[in-house]
Each structure stands twice: as structure tokens, then as C-alpha cells.
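Fold and geometry: a report
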Amino acid sequence: MYKINCMNPIAQVGLEHFSDKYEITGEVKEAEGILVRSASMHEMELSEKLLGVARAGAGVNNIPLDKCAEHGVVVFNTPGANANGVKELVIAGMLLAARDVVGGIQWVKESRDNAEIAKAAEKEKKNFAGTEIMGKKLGVIGLGAIGVKVANAAVALDMEVYGYDPYLSVNAAWSLSRAVRHVTNVEDIYTQCDYITIHVPLMDATRGMINAEAIGKMKDGVILLNFARDLLAEEDDVLEGLKSGKIARYVSDFPNPTTAGQKGCIVIPHLGASTEESEENCAVMAVQELMDYLENGNIRNSVNYPACDMGVCTTAGRVAIYHRNTVNMITKFTAEFGEKGINISTMTNKSRGEVAYTMLDVEEKPTEEIIRALESIKGVFRARIVKG
Ligand code: MLT
């Protein structure tokens, strides 16, 4: 029986995918698997039992990826599962920035006791007038699952779309509308676009990328949209830009004391992926990834371990080894099995940066003794019997 802890509420449709080999526990220390949405795991102690964490969403900045890797804990996310939900809100964000819909609705609320409201509205509406997005230039920074959908939707709305992504995947390139102008220098987006939307993960390399220097290169009256993570922008610099008129509006999905209630900021309470469909898609994908990993050792959509798929084990046993990506490891692993007279029928070794993962299907049931021997090899974080 595998125990799973949900650190945030996870859509029931997803949890129903767990077979009767699984039990949901309220005790995180008991769990082999964790399902999480936005709860921070940075200060959390990782229990010896924990094998995998699945983030129901794309961003993983709430999870200590390196620490997990060194504890032999595989972290998964659900790329693309909420992309449509986020895309739709980005389009709404552009429209809210183009016209003062929010101000107009507020005026109607405040005027609710005015019997002449219809007449007053005709006078007042000039204060909430705006522009159309058709024909405007949109720059999309980051063409992953969400960025591609935003770019394509904007093309369909007759915007002129520029896309920037130095790591564009083949899949993303296939999905991207041919009308999107692919730029190789992000400055082209800064200098040419009327709307700029960011869709990159928060990492050291991207933290604060929208700063005074970048803003200085942008067109006067630019509209910035941030549905990725607030820390991608130096928001004090954004406020300065709003004050000077360089930035016309900042639309963010991440409320914080810097931007909440500030003039020119349209701040939404992290609703990008908060749709029934996105929550269900993420939950189902996270649960499937976790089950295939716990039961078969297979890794799909991990953000700290390499992908590895050996299907379902058909021999007497399967062992997974989590280790550093250094020389001679495979020789040492196979020697352990050789010394114990256990024949290896299939083996896969995959690496990702400093981390590697090896799975071996063997013709005898693996014992705790061989697991201890493998774990005593320098550079091994963990070994586990997947089947046997
Ligand atoms: C994401 O990173 O995909 C979103 O933040 C998901 C969420 O709202 O939980």
C-alpha cells in the first residue's frame, strides 16, 4: 500500500485515479508520495519514506529541487495541463488593460442608487474608454505550453505577435502559428511591442529579468503582463515605470504588498490555473506520473531527474538507483549484482546534469542486502526495490 499526502486540495477527479494500492494520509511523514500545488516545501524536512513529489501545475519554485534530488526524491510537474486556463486569463488580462472595464464596473456599483444611471453612464463612459488589441504588437517571452497558446490566440485576435525563446522545443515549434515572428534577441520584444507577456519559469537566470534596464528599452505606454511568477519582475522598478508613464498598465496574477492596490496595477489573486478543467487536468496528470513512478520506477515530466521509461517489469525484480552522474557508477552497480550471482536482464541509465538514475530488471528477487550494498557506493543517494 502506498501512502499519499496532499499538501493542498487536489481535484477529486485526479485522486479517483489512484487504485486500491493507494491510501491518502494526513501525515506527511508517512507518505511515499506528495501531491502539492502552491504550499512551500522549502523549510520542510524530507522523510526517509518520501520517494516522489508531484506538483499539480507548471511552476516548481515552491519545491527545493536540488535537496530533493540528493535525497532520492523525484519531483514532477504537469506541463501543459493548465495551459489553456492560463492562456484564457492572459487574453482577459490584455483586454482589461486595453479598456478600463474594472473602473467602469466599479463606477456602476457606486452609482447603483442613481435612478438616472443609464443617462449618467452615457456621460461617464468617456472616462473608461480604451483601445482595441487588434493590430497591436504582442511580445511573448517564453514559448512553452502556455506561451505558445497565448501567441496563437493573439494571432487569432489579429495581433502582430513576436515570440522569444532561446530554448524553444521541437514540439513547441510545431504548435506555434506560422504568423508568429520568432525573434532571437529579447530586446526586439522590448523595443517593438505594445504588450509584453512573460511565460518563463522562475530560476536564478530569470529572477528580476523585467527590471529598470529592460523597462528602459520598452516603448512608452507599454502594457506588461505577468502570469508566470511575480519575482520575474523587479516590481519596484515596474511601479517607477507606471509613475513615469513608461508603463501604462501592469497586469499580474500574483498579489503582494508591492503591487496590490497600486495605480496602474491590475492584480488578480493567482487565478490563472483556477478553472475546473485545469485543476482536473493537473490532478489527473500528477497522479498518473506518481503512480507510474511508484509502481514501475518510470519517470516522466520530472524537473530534477532524467526521464526514464522501462515499462512494466516482467522479470523477478526491478531495482532503481538514484545517484550522482560520475564515472564508473554502472560498473560498480553491475559488480554488486554479479558478486551475488544475480543476472541482469535489462538496464537503463539516464543522466540530467549532476544527477543520474539507473534501473535494472533482474532475474531474481532483489534483497534488502543488495540495496544496502548499492547505497554504500559513494555517490549513490538511494536505491530501492521497485518490484521484488
Ligand atoms: C502553475 O505554476 O502552473 C500555477 O501556479 C498553478 C496553480 O495555480 O497552482
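For the structure given in this document, a descriptive report is provided here. (Residues numbered from 1 in each chain as written. Predicted model: local features only at pLDDT ≥ 70, side-chain atom pairs only at ≥ 80, totals over all residues. Heavy atoms only, no water.)

1. A word on the site of the ligand
Around the ligand, the neighbouring residues are Arg37, Ser38, Arg55, Gly57, Ala58, Gly59, Asn82, Arg229, His270 and Ala273. Contact between the ligand and His270: an oxygen atom at 2.8 Å from a side-chain N or O atom of the residue. Its residues assigned to classes, the shell around the ligand comprises 2 nonpolar, 5 polar and 3 charged. (Near = heavy atom within 4 Å. Polar contact = N/O pair within 3.5 Å; in protein donor to acceptor, adjacent residues only side chain to side chain. Nonpolar A, V, L, I, M, F, W, Y, C, P; charged D, E, K, R; others polar.)

2. Points about the sheet that holds strand 12 (residues 265–267)
Taken in spatial order, the 7 strands make up an open sheet running 8-7-6-9-10-11-12, and their pairing is parallel. Of all strands in the sheet, those with a lone pairing partner are strand 8 (181–183) and strand 12, marking the two edges. Recorded for the sheet is a direction-independent mean angle of 20 degrees between the axes of neighbouring strands. Bridging between strand 6 (residues 137–141) and strand 9 (residues 195–198) involves 4 bridges; their strand directions are parallel. What sits directly across from Ile141, in strand 9, is Ile198. Against the sheet, helix 10 (residues 235–244) makes contact with strand 10 (222–226), strand 11 (247–252) and strand 12, and its axis sits at roughly 145 degrees relative to strand 11, the strand it touches most. (Pairing = 2+ DSSP bridges. Helix = DSSP H or I, 4+ residues; strand = E, 2+ residues; numbered from the N terminus. Axes fitted to C-alpha atoms, helices over the stretch in contact; angles between N-to-C directions. Contact = heavy atoms within 4.5 Å.)

3. A look at the environment of Ile141
Mapped onto the secondary structure, Ile141 falls in strand 6. When the C-alpha atoms of Ile141 and Ala214 are compared, they prove to be 13 Å apart, with 73 residues separating the residues in sequence.

4. Regarding the pattern of salt bridges
This structure, assessed with the given rule, holds 13 salt bridges. One salt bridge connects Arg181 with Glu160, and the closest N-O pair in it is separated by 3.3 Å. In this pair, Arg181 is assigned in strand 8 and Glu160 in strand 7 (residues 160–164), connecting sequence segments 21 residues apart. Three or more residues are tied together by salt bridges with common partners; here these are Glu187, Glu213 and Lys217. (Salt bridge = Lys/Arg side-chain N within 4 Å of Asp/Glu carboxyl O.)

5. Digging into the nonpolar core
One finds Phe18, Leu35, Tyr293, Leu294, Tyr305, Tyr322 and Tyr357 to be the most contacted residues of the largest nonpolar core, which totals 35 residues. If you list the elements that add at least two residues to this core, you get strand 1 (2–6), strand 5 (74–76), helix 11 (276–296), strand 13 (317–324), strand 15 (355–362) and strand 16 (380–387). It is helix 11 that provides the largest number of residues to this core, a total of 9 residues. Beyond its immediate sequence surroundings of up to four residues, Tyr322 is in contact with Leu51, Gly72, Val74, Tyr293, Tyr305, Ala356, Tyr357, Gly379, Val380, Phe381, Arg382 and Arg384. Val86, Ala97, Ala151 and Val180 belong to the second-largest nonpolar core, a separate cluster that totals 31 residues. (Core = buried A, V, L, I, M, F, W, Y, C linked by side-chain atoms within 4.5 Å. Buried < 20%, exposed > 50% of the residue type's maximum accessible area, 1.4 Å probe, protein only.)

6. Brief notes about the packing of aromatic side chains
Note on aromatic pairs: each is described by the distance of the centres and the angle between the planes. What the rule picks out here adds up to 6 aromatic pairs. Relative to Tyr322, the ring of Tyr305 lies with its centre 5.7 Å away and its plane at 85 degrees, an arrangement referred to as edge-to-face. Taken together, the residues span a long stretch of sequence, with Tyr305 in the loop between helix 11 and strand 13 and Tyr322 in strand 13 at a distance of 17 residues. On the basis of an interplanar angle of 75 degrees and a centroid distance of 6.1 Å, the ring pair of Tyr305 and Tyr357 is categorised as edge-to-face. In this pair, Tyr305 is assigned in the loop between helix 11 and strand 13 and Tyr357 in strand 15, connecting sequence segments 52 residues apart. Each member of the pair, Tyr305 as well as Tyr357, carries the same accessibility label: buried. Ring pairs connect the aromatic residues Tyr2, Phe18 and Tyr22, which therefore count as one cluster. The ring of Tyr293 is capped by Arg384, whose NZ or CZ atom sits 5.0 Å from the centre of that ring. (Phe/Tyr/Trp six-rings, centres within 6.5 Å; stacked < 30°, edge-to-face > 60°. Lys NZ or Arg CZ within 6 Å of the ring centre and 35° of its normal.)

7. A look at the sheet that holds strand 4 (residues 52–55)
Read across the sheet, 5 strands follow the order 2-1-3-4-5 without closing on themselves; strand pairing throughout is parallel. Both edges of this open sheet fall to strand 2 (22–24) and strand 5, since each of them pairs with a single strand only. Going from strand to strand, the sheet's axes swing by 20 degrees on average, the running direction of each strand aside. Sheet topology note: the strand 3 (residues 33–36)/strand 4 ladder contains 4 bridges and is parallel. Among the inter-strand pairings, Val36 is bridged to a residue of strand 4, identified as Arg55.

The analysis is restricted to geometry; functional conclusions fall outside its scope.
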